[in-house]
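Structural description and commentary
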Amino acid sequence: WAMETSSTFGITSVQEASASRIQLDAMKAIDGDDGLPMRVAAHLVWQEARFGLATPEELDRLIEERGEYESAHIDPHFVKLWMDGAPLPPHPTHAPVDPATNKIDFTNIMFEPDEVLQAFLRFDKAGLTIKCHCAGDGAARLALDTFEKVRRINGSDGPVHEIAHAGFVHPDDLPRLARHNVIAEMSPALWHRKEPEFRALDAGFKFATLRHHGARMTIGSDWIITPDPNLFPALQGVLERGDESLDLEIALRCMTLDGVAAVGKDHIAGSITPGKSADFIVLDRNLFEIPTSEVGASKVLRTVFEGRTVFDRH
């Protein structure tokens, strides 16, 4: 159902940011029968039992046994961890930078820094891409501090890593994303919502500023929060963010070619190019010929994955 729903919104590649063994078993079975209608970058959960649906020991074992789940459309060579909580009221649990001292407020940091470093070193050396949930700019700073140490110890040729959500990065830390080959995953797609509970996000998600500092960005749905994985309202939000807006061509690149580059698949997908997989969608409007205010209402008429139609609205 989730994959069929994703297909109706034109999604042909996903990052499953909390992949459990139960889910991996199911996805592998589907891929062995009819074939998945998309590529899945399965991020295996580290330490967090509630999202991983297993004990920390069982989660570690799953990471070690990840190769069992590799298939034509499933890539399990990713790890997910949470550095802090969320910036939303009534009880924000994010980790900020203390404005008085310009130092990390560790109150809501979930792990000891050395524990994080040892885990990052191990995963980076094993060739695993790390997706690190960072809601506050303090958490993002700790992640970047750790990635910097990883590059220095393991070498600079390791896998690209990600800061998940990346909505709040301290101005002092913005150049470090490009410097240490860390992608800013600009999810969840909530910064464009108008409800009062999301106003706390208004000051963050600085798309133009991040691009100015050379950071690579991807845009995802964080579907656990949104009612569906429709990315077109989020796309409109990127175009209508005042001084922090991106132009349409750049925003679409963040959602396509840069998205698959983040999971190492840009050589086979992400653009309509000879030799690449025939993954594309047909919309009910030309995004380049309409007002930005109409972008969010776009409907997918057809989704094609590897040359086969996986959704047809007619």
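Just above, that's the structure.
All of the points below concern the structure found in this document. On a predicted model such as this, the values are computed, not experimentally measured, just so you know.

1. Quick word on the packing of aromatic side chains
- Using the criterion set out here, one finds six aromatic pairs in the structure.
- Ring centres of Phe 168 and Phe 205 lie 6.3 Å apart, and the angle between their planes is 70 degrees; on these two criteria the pair is classed as edge-to-face. Residue Phe 168 is found in the loop between strand 7 (161-164) and helix 7 (174-179), and its partner Phe 205 is found in the loop between strand 8 (182-185) and helix 8 (207-212); the two are separated by 37 residues along the sequence.
- On the basis of relative accessibility, which here comes to 3%, the residue Phe 205 falls in the buried class.
- Grouping aromatic residues by their ring pairs yields a cluster made of Trp 46, Phe 111 and Phe 123.
- The ring of Trp 82 has Lys 80 lying over it, and the distance from NZ or CZ to the ring centre is 4.1 Å.

2. Structural notes on the sheet that holds strand 10 (residues 280-283)
- Strand order in the open sheet formed by three strands is 10-11-12, and the pairing between neighbours is antiparallel. The outermost strands of the open sheet, each flanked by one partner alone, are strand 10 and strand 12 (308-312). Here the average twist between neighbouring strands, direction ignored, is 20 degrees.
- Examined bridge by bridge, strand 10 and strand 11 (residues 300-305) share four bridges and lie antiparallel to one another. Along strand 11, the bridge assignment pairs Phe 280 with Val 304.

3. Some thoughts on the packing of helix 5 (residues 113-125) against helix 6 (residues 137-154)
- The interhelical angle for the contact between helix 5 and helix 6, taken along N-to-C directions, is 50 degrees, at an axis separation of 9 Å. What the angle tells us is that helix 5 and helix 6 run oblique. Once helix 5 is placed against helix 6, the crossing between them reads as right-handed. Between helix 5 and helix 6, the residues in contact are Pro 113, Val 116, Leu 117, Phe 120, Leu 121, Asp 124 and Lys 125 and Leu 142, Ala 143, Thr 146, Phe 147, Lys 149, Val 150, Arg 151, Ile 153 and Asn 154, respectively.
- Class assignment for the residues of the contact of helix 5 with helix 6 results in 10 nonpolar, two polar and four charged.

4. Description of the pattern of salt bridges
- Enumeration according to the criterion identifies 15 salt bridges in this entry.
- Among the ionic pairs, Lys 131 bridges to Glu 185, the shortest N-O distance being 2.5 Å. Taken together, the residues span a long stretch of sequence, with Lys 131 in strand 6 (residues 129-133) and Glu 185 in strand 8 at a distance of 54 residues. Like Glu 185, Lys 131 is buried.
- For Asp 145, the salt bridge identified is with Arg 176, shortest N-O distance 2.7 Å. Linking Asp 145 in helix 6 with Arg 176 in helix 7, this pair joins segments that are 31 residues apart in sequence.
- For Asp 145, a relative accessible area of 26% puts it in the partly exposed group.
- Classification of Arg 176 as buried rests on a relative accessible area of 8%.
- Here the residues in one salt-bridge network are Arg 141, Asp 145, Glu 148, Asp 173 and Arg 176, joined through shared partners.

About the criteria used
- Residues numbered from 1 in each chain as written.
- Predicted model: local features only at pLDDT ≥ 70, side-chain atom pairs only at ≥ 80, totals over all residues.
- Heavy atoms only, no water.
- Phe/Tyr/Trp six-rings, centres within 6.5 Å; stacked < 30°, edge-to-face > 60°.
- Helix = DSSP H or I, 4+ residues; strand = E, 2+ residues; numbered from the N terminus.
- Buried < 20%, exposed > 50% of the residue type's maximum accessible area, 1.4 Å probe, protein only.
- Lys NZ or Arg CZ within 6 Å of the ring centre and 35° of its normal.
- Pairing = 2+ DSSP bridges.
- Axes fitted to C-alpha atoms, helices over the stretch in contact; angles between N-to-C directions.
- Parallel < 35°, antiparallel > 145°, perpendicular 65-115°, else oblique.
- Left-handed = near helix turned anticlockwise from the far one by under 90°.
- Contact = heavy atoms within 4.5 Å.
- Nonpolar A, V, L, I, M, F, W, Y, C, P; charged D, E, K, R; others polar.
- Salt bridge = Lys/Arg side-chain N within 4 Å of Asp/Glu carboxyl O.

This is a description of form; function is not addressed.
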